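Architecture and fold: a report
These are the residues of each chain, in order.
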Amino acid sequence: PGSIPKMIFSDFKRYFFYIFEATTKLNIISVILLSALLILYTLLIAFLCFGFKRLKTDKLKSALTHHTSFSIIIPFRNEVENLNTLLESLSSLNYPKSHFEIILIDDASTDASVAFIEAFQQQTKVSIIVIENERFSASPKKDALTKGISRAQFEWIITTDADCKVPDLWLQHFDQKIRAEDSKFIAGPVSFFASAGFLNRFQQLDFLSLQGATIGSFGLQQAFMCNGANLAFSKTEFLRLNGYAQTDHLASGDDVFLMQKFIKEIPEKIHYLKTSEALVRTQTQPNWKSLTEQRKRWAAKASVYTSWFAILTSLLVLLGNASLFLVIFYPEIWLLVLLKIAGDFLLIWQTASLFNQKKGLIYFPLVAVIYPIFTVYIALASQFGKFEWKGRVFKK
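A brief look at the structure comes next. (Residues numbered from 1 in each chain as written. Predicted model: local features only at pLDDT ≥ 70, side-chain atom pairs only at ≥ 80, totals over all residues. Heavy atoms only, no water.)

**Considering the overall build of the protein**
Helix and strand counts for the protein come out as 12 helices and 12 strands. With 396 residues in all, the protein has 53% of them scored as buried. For the protein, long-range pairs separated by at least 24 residues make up 83% of all intrachain contacts whose partners lie at least 6 apart in sequence. Accessible surface, the protein: about 19000 Å² in total, of which carbon and sulfur atoms supply 62%. (Helix = DSSP H or I, 4+ residues; strand = E, 2+ residues; numbered from the N terminus. Buried < 20%, exposed > 50% of the residue type's maximum accessible area, 1.4 Å probe, protein only. Contact = heavy atoms within 4.5 Å. Areas by Shrake-Rupley, 256 points an atom, 1.4 Å probe, with all protein chains shown as cover.)

**As for the packing of aromatic side chains**
Counting across every chain of the model gives 18 aromatic pairs. Ring geometry for F198 against F202: centres 6.2 Å apart, planes inclined by 50°, an arrangement best described as tilted. Here the residue F198 and the residue F202 both occupy positions in helix α6 (residues 198-219), the gap between them amounting to 4 residues, near one helical turn. Looking at F202, the relative accessible area reads 0%, which means it is buried. Between F233 and F262, the ring centres sit 6.3 Å apart and the planes meet at 55°, which makes this aromatic pair tilted. Here the residue F233 occupies a position in strand β8 (residues 231-234), and F262 occupies one in helix α8 (residues 256-265), the gap between them amounting to 29 residues. Each member of the pair, F233 as well as F262, is classed as buried. An aromatic cluster is built from F185, F233, F238, Y244 and F262, whose rings are joined through pairwise contacts. (Phe/Tyr/Trp six-rings, centres within 6.5 Å; stacked < 30°, edge-to-face > 60°.)

**Focus: the sheet that holds strand β1 (residues 70-76)**
Within a beta sheet, neighbouring strands are joined by backbone hydrogen bonds and run either parallel or antiparallel to one another. The 7 strands lie next to each other as β3-β2-β1-β4-β8-β6-β9, forming an open sheet whose pairing is mixed. A single partner strand is all that each edge strand has here, and the edge strands are β3 (128-132) and β9 (270-272). The average undirected angle you get between the axes of adjacent strands in this sheet is 20°. When strand β2 (residues 100-106) meets β3, the two strands line up parallel, connected through 5 bridges. Opposite I105, over in β3, you have I131 as the bridge partner. Across the sheet, helix α2 (residues 83-91) is in contact with β1, β2 and β3; its angle to β2 comes to roughly 165°. Those strands touched by helix α4 (residues 140-151) are β1, β2, β3, β4 (156-159) and β8, and its axis lies near 150° from that of β1. (Pairing = 2+ DSSP bridges. Axes fitted to C-alpha atoms, helices over the stretch in contact; angles between N-to-C directions.)

**With respect to the pairing of β2**
Here β2 lies mainly inside the structure; 7 of its 7 residues are buried. Viewed along the sheet, the connection from β1 through α2 into β2 turns out right-handed. (Right-handed = clockwise from strand over helix to strand, strands pointing away.)

**Structural notes on the nonpolar core**
Among the nonpolar cores identified, the biggest contains 44 residues, and I73, F185, F218, F233 and F262 are the most heavily contacted of them. The element best represented in this core is α6, accounting for 6 residues. Other than its neighbours up to four places away in sequence, F185 contacts W156, C226, L231, A232, F233, D255, L258, M259, F262, K269, I270 and H271. Judged by nonpolar contacts, the second largest core, of 35 residues, contains F70, I178, V190 and F207. (Core = buried A, V, L, I, M, F, W, Y, C linked by side-chain atoms within 4.5 Å.)

Right, dumping it as structure tokens:
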């Protein structure tokens with residue numbers, strides 16, 4: 001009987017060492033996996049920074065003798081507060097008035113947007129046309145763009161949004177790019193208006209990272225993002241590729257999925273306009289709720305990406321940010337976390353330098369803490385829930 005306690009103690013000791021050994025092995029495996037993930041993420045950002053540097057900056061030549069004609073297509077819905085800024089900037093374009101037209105597509109506005117545009121038409125020499133949207137798909141914006149393009153009289157389509165402001169030399173730069181590189185699809189830079197307050201600074205830095213990734217991917221010849229607020233393409237090619245067909249069941253993605261069609265057919269004709277002189281500015285979201293709804297709308301299309309680089313980037317960004325939640329349990333990876341944050345800062349700094357927006361970088365340390373939480377939440381919510389935009393509710 002005296003040996004029974006010894007047997008129990010021996011069994012307990014073996015069990016304790018078994019658990020300890022298993023836990024140690026699990027910790028080692030976890031550290032290795034997290035380290036590998038952070039290293040891959042950092043390498044991805046490093047490649048994007050390299051691609052950013054590799055892509056040449058476009059400079060406008062002093063003498064321009066030929067002009068491309070543009071049809072500027074702008075869908076709008078309840079934008080009366082923003083239309084004056086947009087239309088004033090379009091009227092001030094440094095480009096022959098005979099070489100561009102403005103087509104605004106009303107997507108069932110319930111405010112005074114149409115009345116404002118009609119009043120503005122009376123005081124400008126610029127050609128402004130207002131037409132009604134015709135719904136035939138699950139994407140109001142794609143329907144509006146399709147309607148506007150069908151009315152366009154010029155070969156080159158250029159799109160922007162109703163809450164934007166375009167620069168004076170906007171069309172000059174697109175014209176030069178088209179003729180210099182025989183382009184058929186050109187993505188341009190987009191940024192937010194500079195505004196005070198942490199929420200606005202958060203959005204600015206977030207958007208600078210997206211623009212940096214966009215430019216970097218073009219520099220690597222693996223373009224996977226663009227923004228419809230500053231986009232130009234050939235109408236002939238748009239029609240040949242059946243426009244937004246096959247993707248009009250998705251509420252967003254009018255820009256990215258159209259670019260993927262162009263890349264699949266004529267990849268050598270796809271370019272990025274890298275210059276702050278063609279930078280289109282847009283409004284930040286007024287509160288966190290509208291910001292999350294906007295980002296869910298953007299992220300909802302990620303599950304149907306066809307580009308391997310887009311899929312890889314999306315996964316690494318999601319997992320790389322999600323891994324930061326585990327740092328407290330695995331202090332061994334702190335150095336790699338700092339390396340990851342340094343890579344993020346470098347990409348944002350490159351973009352901020354190009355856009356002359358380095359003042360907002362002072363908020364980077366605080367944004368770097370909040371951003372992983374925000375990113376993971378948006379990624380999950382966009383794939384499993386609904387989102388609201390412009391007073392309408394959409395599914396993924």
